[in-house]
Amino acid sequence: GESVGLHLPTLSVQEGDNSIINCAYSNSASDYFIWYKQESGKGPQFIIDIRSNMDKRQGQRVTVLLNKTVKHLSLQIAATQPGDSAVYFCAENKADSWGKFQFGAGTQVVVTP
Amino acid sequence: EAGVAQSPRYKIIEKRQSVAFWCNPISGHATLYWYQQILGQGPKLLIQFQNNGVVDDSQLPKDRFSAERLKGVDSTLKIQPAKLEDSAVYLCASSLDKTIPYFGPGTRLTVT
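Residues numbered from 1 in each chain as written. Chains lettered and ligands numbered in written order. Predicted model: local features only at pLDDT ≥ 70, side-chain atom pairs only at ≥ 80, totals over all residues. Heavy atoms only, no water.

1. A word on the sheet that holds strand β8 (residues 75-79) of chain B
All names here are of chain B. This is how it is decided: Only strands joined by at least two bridges in the DSSP assignment are considered to pair. A helix here means a DSSP run of H or I that spans at least four residues, while a strand means a run of E at least two residues long, and both kinds are numbered starting from the N terminus. Here, axes are lines fitted to C-alpha atoms. For helices the fit covers the stretch in contact, and angles between N-to-C directions go from 0 to 180 degrees.
Ordered in space as β1-β3-β8-β7, the 4 strands form an open sheet in which the pairing is antiparallel. The open sheet has two edge strands, β1 (5-7) and β7 (65-68), and neither has a second partner. Ignoring strand direction, the axes of neighbouring strands in this sheet form an average angle of 15 degrees. Alignment of β1 against strand β3 (residues 19-24), held across 3 bridges, turns out to be antiparallel. Within β3, the position partnered with serine 7 by the bridge is tryptophan 22.

2. Observations regarding the interface of chain A and chain B
This is how the line gets drawn: Contacts were defined at the residue level, with two residues in contact if any of their heavy atoms lie within 4.5 Å. Summed over both partners, buried area is the accessible surface (1.4 Å probe) that two parts give up on being assembled. Every case where a carboxyl oxygen of Asp or Glu lies within 4 Å of a side-chain nitrogen of Lys or Arg is listed as a salt bridge. Distance and chemistry together define a polar contact, namely a pair of N or O atoms within 3.5 Å, with one atom able to donate a hydrogen and the other to accept it when in protein, and with adjacent residues in sequence counting only for side-chain atoms on both sides. In this classification, Asp, Glu, Lys and Arg are treated as charged, Ala, Val, Leu, Ile, Met, Phe, Trp, Tyr, Cys and Pro as nonpolar, and every other residue, Gly included, as polar.
Of the residues lining the interface, 18 residues belong to chain A; the matching set on chain B comes to 22 residues. Surface buried jointly by chain A and chain B totals about 1500 Å² across both partners, of which 56% is contributed by carbon and sulfur atoms. If you sort the residues of chain A by the area they bury against chain B, A:Trp98, A:Lys100 and A:Phe103 come out on top, with a joint share of 32%. Our count for the contact surface shared by chain A and chain B stands at 1 salt bridge. The partner of B:Asp56 in a salt bridge is A:Lys100, and the shortest N-O contact between them spans 2.9 Å. Put simply, chain A and chain B have 6 residue pairs in polar contact (both at pLDDT 80 or more) between them. Considering every element that reaches the side of chain A that touches chain B, the biggest residue donor is strand β4 (residues 30-38) of chain A, with 4 residues. Of the residues in the side of chain A that touches chain B, the class split is 10 nonpolar, 5 polar and 3 charged.

Encoded structure:
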């Protein structure tokens, strides 16, 4: 079946560097995407979202890029900090299933000093 | 603004026993979700409510799982009888109206 997935299960980043977390999706009907951060023992926390009519959106220290041609989504974190260590998930929503979000497997980001 | 509340935070039961989880969504949020998150995986949608009606329960194992949201506010998820493979974190989320889901802290269930 169609699914959302992540390329890298674990990403090790040095403190102060930029992080790039990738997500591939296979459903061309998906038109809304959300990135979540999940720390150990907590629920997923909203980071940023993007709709399919956009290819880039920026937040505080984060940027999401959407490439609909290759069905690829990425989350860039600038100047990665120890507090950014967590599992990051992308979630997609299909246009005909409004509000129903499907999650990828997640990427573990480890920030090293 | 208070977030999504869930209880209990942890539960340990033996297989074949029953268990119930409670969720209180963010005030005013019409959409409520229950997700199951197995260790090392992303959350999997079990059921989605819009007010007190079920929008999607296609992935809910209905032979053992049930959920209700009788007054369109808080919700309960029940498992009866539990199996070993039900060990997971059960996450409740709510959204204003099918927009960004905001998650609670989850209930970690261990079935022995």
